[in-house]
Amino acid sequence: MKIVKHADELKKEIFGAKNTGEKIGFVPTMGALHAGHKLLVERAIAENDFCIVSIFVNPTQFNNKTDLEKYPRNLDVDILLLEKTGCDLVFVPNIEDMYALEEMNIPFQFDFGGLDQVMEGKFRPGHFNGVVQIVSKLFNLVQPDKAYFGEKDFQQLSIIHRMVKIMNYKVDIIDCPIVREPSGLAMSSRNERLSTEERKKASEISKVLFESRNFVNSFTPDELSQWVIGEVNAVKGLKVEYFEIVDIESLQIMRTWSKPTVGCITVFCGAVRLIDNIRYIIN
Ligand code: AMP
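For every chain, the first residue of the written sequence is number 1, and numbering continues from 1 along that sequence. In keeping with the model being predicted, local features are shown solely for residues with a pLDDT of at least 70 and side-chain atom pairs are shown and tallied solely at 80 or more, while totals for entire chains, interfaces and linings include all residues. For the side-chain quantities, the full set of heavy atoms in the structure was used; hydrogens and water were omitted.

A.B. asks: Which parts of the structure should I look at to understand the sheet that holds strand S8 (residues 261–269)?
C.D. replies: Pairing between the strands of a sheet comes from backbone hydrogen bonds, and it takes one of two forms, parallel or antiparallel. Here 3 strands make up an open sheet; going across it, the order is S7-S8-S9 and the pairing antiparallel. The sheet is open, and its two borders are formed by strand S7 (238–247) and strand S9 (272–280), each paired with just one other strand. Averaged over all neighbouring strand pairs, the angle between strand axes comes to 15°, with direction disregarded. Here, strands pair whenever DSSP counts at least two bridges between them. Elements are defined by DSSP. Helices are runs of H or I of four residues or more, strands are runs of E of two residues or more, and each kind is numbered from the N terminus. In this structure, S8 lies alongside S9, joined through 9 bridges in antiparallel fashion. The residue bridging Thr266 from the neighbouring strand is Ile275, located in S9. Fitted lines through C-alpha atoms serve as axes, helices being fitted only where they are in contact, and the angles separating the N-to-C directions of these axes extend from 0 to 180 degrees.

Structure, rendered in structure tokens:
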């Protein structure tokens, strides 16, 4: 596996792969890799000729400085994991490779068509501008045929689909299901910051979400939201930031079950902010 640190070196590798007609599969990550990331990488390897993974903790998508500083970083372990999966190239740029100095002070603006008005967009102002900024830069460099994203970050995935449409990127975005720990807890790099006790508590989040599926025929979305928030907040040490039941396409809050919906939750487990989501199927 090649480890590439600079954009110029990456461009040469891409030129070589494209010249020999290889299809490029790409998985952008912020590192501290786990089985959720591994699933994306395995799919990218299976469905393409050349698999590239990027590891870059993107400062412009963090609206909270402490969160950025505390974000787990395990580069050596990540590289070992990627080597084992059979990934061809890992791109590990530094900030200067991705951003000109002046870009760090000018907020990047993207028209989200309303997708950023709810949930993460509301609670983390500027977050999705930073996501689109870095993913568009990475797409320009890597020129992938297919790029793999997790449904765990449901709103991010919707925004990436819109970005590709609006910016005419010639890339297929592949949606990958949430990978969970045996307890049900959605895998996340941030789980590394949880104590054993906190991990146990955090697993209650997915238990409540799964249980909530039993009530779709008797509760309105609003009633179900209140139920979920109440159940999660009843676990000592968990504090819901938001739980919204939204249309899977427009991400607008649903008052009835008239369209396919997803319930998205953010919970503080101590100081660690965790996200998860669940699809509701109406009979
Ligand atoms: P991150 O490193 O957190 O930026 O995540 C990189 C990619 O992995 C994103 O597309 C995430 O949605 C995806 N991902 C993270 N956790 C999971 C998970 N538990 N299951 C599936 N995909 C995931």
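A.B. asks: Can you walk me through the packing of helix H7 (residues 127–142) against helix H8 (residues 154–166) in this structure?
C.D. replies: How two helices pack is summed up by the angle between their axes together with the distance between the axes. It is the contact of H7 with H8, at a shortest axis distance of 11 Å, that shows an interaxial angle of 50°. In terms of orientation, H7 and H8 fall into the oblique class. Both H7 and H8 take part in a crossing whose hand is right-handed. Here Phe128, Val131, Val132, Val135, Ser136 and Phe139 of H7 come into contact with H8, specifically with Gln155, Gln156, Ile159, Ile160, Met163 and Val164. When grouped by side-chain class, the residues that make up the contact of H7 with H8 number 9 nonpolar, 3 polar and no charged. To sort the angles, those under 35 degrees are grouped as roughly parallel, those over 145 as roughly antiparallel, those from 65 to 115 as roughly perpendicular, and the leftovers as oblique. Each crossing gets its handedness from the near helix: less than a right angle anticlockwise from the far helix is left-handed, clockwise is right-handed. Pairs of residues are marked as contacts when any of their non-hydrogen atoms sit within 4.5 Å. Throughout this entry, Asp, Glu, Lys and Arg are counted as charged residues, while Ala, Val, Leu, Ile, Met, Phe, Trp, Tyr, Cys and Pro are counted as nonpolar. The remaining residues, Gly among them, count as polar.

A.B. asks: What should I look at first to understand the site of the ligand in this one?
C.D. replies: Here, proximity means that at least one heavy atom of the residue falls within 4 Å of the molecule or strand. What surrounds the ligand is a group of 17 residues, the closest being Met30, Gly150, Asp153, Val179 and Met187. Residue Met187 places a main-chain N or O atom 2.8 Å away from a nitrogen atom belonging to the ligand. Accessible surface area values rest on a Shrake-Rupley calculation with a 1.4 Å probe, where residue burial reflects the displayed protein chains alone. In the complex, the protein chains occlude 93% of the 480 Å² of accessible area that the ligand would expose alone. Of all the secondary structure elements, the ones that give two or more residues to the shell around the ligand are strand S2 (24–29), helix H2 (35–47) and strand S5 (146–150). No other element matches the 3 residues that H2 contributes to the shell around the ligand. The residue inventory of the shell around the ligand, partitioned by class, reads 9 nonpolar, 6 polar and 2 charged. Here a polar contact means two N or O atoms within 3.5 Å. Within protein one must be a hydrogen donor candidate and the other an acceptor candidate, and residues neighboring in sequence count only if both atoms are side-chain atoms.

A.B. asks: Sorry if this is basic, but what is going on with the packing of aromatic side chains here?
C.D. replies: The geometry of an aromatic ring pair comes down to the distance between the two centres and the angle between the two planes. Each Phe, Tyr or Trp ring, with Trp reduced to its six-membered ring, pairs with another whose centre is within 6.5 Å; inter-plane angles below 30 degrees give stacked pairs, above 60 give edge-to-face pairs, and intermediate values give tilted ones. Inspection of the entire model under this criterion finds 10 aromatic pairs. Each ring, one from Phe139 and one from Phe149, has its centre 6.4 Å from the other, and the planes form 70°; the classification is edge-to-face. Within this pair, whereas Phe139 is found in helix H7, its partner Phe149 is found in strand S5, the two being separated by 10 residues in sequence. Of the two residues examined, Phe139 and Phe149, each falls in the buried class. Partly exposed residues are those whose accessible area sits between 20% and 50% of the maximum for their type, while under 20% is buried and over 50% is exposed, using a 1.4 Å probe and protein chains only.

A.B. asks: Mind showing me how you'd approach unusual backbone geometry here?
C.D. replies: Peptide bonds are trans in most cases, and residues, glycine excluded, mostly fall at negative phi. A positive phi angle, near 50°, is found at Met119, a position not held by glycine. Along the chain, the position of Met119 falls in helix H6 (residues 119–123). Positive phi outside glycine occurs at Gln143, with the angle close to 45°. Along the chain, Gln143 falls in the loop between H7 and S5. Look at Gln143 and you get partly exposed, because its relative accessible area is 42%.

A.B. asks: What exactly am I supposed to notice about the environment of Lys11 here?
C.D. replies: Within the fold, Lys11 resides in helix H1 (residues 7–19). In this structure, the C-alpha to C-alpha distance between Lys11 and Leu141, residues 130 residues apart in sequence, is 6.5 Å.

A.B. asks: Where do I start with the side chain of Ser225 in this structure?
C.D. replies: If you trace the backbone, Ser225 turns up in helix H10 (residues 221–233). Ser225 has contacts with Phe243 and Ile245, leaving out every residue within four places of it along the chain.

A.B. asks: Where do I start with H10 in this structure?
C.D. replies: Residues separated by three or four positions in an α-helix point in the same direction, a consequence of the helix having 3.6 residues per turn. Taking 1.5 Å as the rise per residue, H10 with 13 residues should run 18 Å; its terminal C-alpha atoms sit 18 Å apart, in good agreement. Those residues of H10 not exposed but buried are Pro221, Leu224, Ser225, Trp227, Val228 and Val232. Buried residues of H10, seen end-on, are gathered within an arc of 165° and therefore sit on one face of the element. Helices are assigned an expected span. That span is 1.5 Å times one less than the residue count. Working note: the arc is built from the helix axis to C-beta atom directions.

A.B. asks: Help me understand H7 in this model?
C.D. replies: Compared with the 22 Å implied by 1.5 Å per residue over 16 residues, the 22 Å span of H7 between its first and last C-alpha is a close match. Of all 16 residues making up H7, 15 are buried, and the element is well covered by its neighbours. Gln143, located one to two residues past H7, shows a positive phi value of around 45°.

A.B. asks: Looking at this model, I keep getting lost on the pattern of salt bridges. Mind explaining?
C.D. replies: When charged atoms on two side chains of opposite charge get close, those side chains can pair. For this analysis, a salt bridge means a side-chain nitrogen from Lys or Arg found within 4 Å of a carboxyl oxygen belonging to Asp or Glu. Scanning the entire structure with this criterion turns up 18 salt bridges. Among the ionic pairs, Glu13 bridges to Lys2, the shortest N-O distance being 3.4 Å. Of the two residues, Glu13 is situated in helix H1 and Lys2 in strand S1 (residues 2–4); the sequence distance between them amounts to 11 residues. Residue Lys2 is classed as partly exposed on the basis of its relative accessible area of 44%. Between Lys65 and Glu69 there is a salt bridge whose closest N-O contact spans 3.7 Å. Here Lys65 and its partner Glu69 are both found in helix H3 (residues 65–70), 4 residues apart, which amounts to about one turn of the helix. A relative accessible area of 64% places Lys65 in the exposed class. Its relative accessible area of 54% is what places Glu69 among the exposed residues. Taken together, the salt bridges that share partners define one network made up of Asp67, Glu120, Arg124, Arg190, Glu241 and Arg273.

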